[in-house]
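# What the coordinates show
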Amino acid sequence: MAGKILVLGASGHVGRPLVKELLARGEAVKAASRGGQPVEGAEGVAFDFAAPDFAAAFDGVDRAFVMLPGGYVNSRELLIPVIEAAAARKVKVVLQTALGVDADDSIPYRQVELALIASGTPYVILRPNWFTDNFLNFWKPGIDHAGVIAVPAGEGKSAFIDARDIAASAARVLTSDAFDGKAFNLSGPEALSYAEAAAVLAPVMGKPVAYTPVDDDTFVGILTGVGIGEDYARFLASIFYPVREGWTAGVTDAVQTLTGHAPRSVAQWAQDHAAALRA
């Protein structure tokens, strides 16, 4: 009998649809979050990266979805102990990092990937592009306040990906060994600039939406002004450099390969989230 699947960040934007999908596939899921509450009917288990109880989280588990929730910047220090705990128990790890981290072995997320590859435990690595969901979760306050998306992306394009497509991809590789030992760059179906994305969002939101490129310091000021910590704001600013350089514009077929369906476009995502975008 197969063991349980541990999902870190289970109450988050990828974790929640992932738990739902795994339960629909008949899997037993342990939904890990700081509060340890049940998610979508799955068994809840408390998990705090600052003081994790690995034994309780991994009890009865043979596969794990490992990612670092938003707000943390020290990925190597927090994730490598989780990788080591999983490997010691021969738990398969599906690790979510981010597009482009394999460009340089000095990048902290790449060091986590390398630790996983060297661990000897079965693994799959998922590297998603920028989340389409950020327009709702991060940029909507600026749209509501001033009618603008103000980010340091220059004229760069990103192949924005719906968090539900990341979740579906993760569900597939967690429930099959066909993809073990591989890494996948996950993208949406097309690359859009922020100005192009704004033009898609405006009719759905029922109001003008413009894109205003800003510099890093202005961006950090906007984020800290709405309560985001300075360290995390600086981290978010830094990861717009690859966008400006054009490195996030690549479109891949990974979602189609893993899930059997094409990834959702920004327009489809916007229609599906129209009520929240208009609220």
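The preceding data block contains the structure.
## Thoughts on the sheet that holds strand β3 (residues 43-46)
Spatially, β3-β2-β1-β4-β5-β6-β9 is the arrangement adopted by the 7 strands of the open sheet, whose pairing is parallel. Because the sheet does not close on itself, it has two edges, and the strands there are β3 and β9 (182-186). Mean inter-strand twist for the sheet, computed between neighbouring axes without regard to direction, equals 20 degrees. Where strand β1 (residues 4-7) meets strand β2 (residues 29-33), 3 bridges bridge the pair, whose relative direction is parallel. Residue pairing in the sheet places valine 7 in a bridge with alanine 31 of β2. In the packing of helix α1 (residues 15-24) onto the sheet, contacts are made with β1, β2 and β4 (61-66), and the angle to β1 comes to roughly 170 degrees.

## Brief notes about the pattern of salt bridges
Applying the stated criterion across every chain yields a total of 20 salt bridges. For arginine 63, the salt bridge is made with aspartate 62, and the minimal N-O distance between the two is 2.8 Å. Overall, aspartate 62 belongs to the partly exposed group, its relative accessible area being 28%. In this structure, arginine 164 engages aspartate 272 in a salt bridge whose closest nitrogen and oxygen atoms are separated by 2.9 Å. Highlighted residues: arginine 164 in helix α7 (residues 163-174) and aspartate 272 in helix α13 (residues 266-272), separated in sequence by 108 residues. Aspartate 272 sits in the partly exposed class, given a relative accessible area of 40%.

## Brief notes about unusual backbone geometry
Not every positive phi belongs to a glycine, and glutamate 40 is a case in point at roughly 55 degrees. If you trace the backbone, glutamate 40 turns up in the loop between β2 and β3.

Scoring rules and cut-offs
- Residues numbered from 1 in each chain as written.
- Predicted model: local features only at pLDDT ≥ 70, side-chain atom pairs only at ≥ 80, totals over all residues.
- Heavy atoms only, no water.
- Pairing = 2+ DSSP bridges.
- Helix = DSSP H or I, 4+ residues; strand = E, 2+ residues; numbered from the N terminus.
- Axes fitted to C-alpha atoms, helices over the stretch in contact; angles between N-to-C directions.
- Contact = heavy atoms within 4.5 Å.
- Salt bridge = Lys/Arg side-chain N within 4 Å of Asp/Glu carboxyl O.
- Buried < 20%, exposed > 50% of the residue type's maximum accessible area, 1.4 Å probe, protein only.

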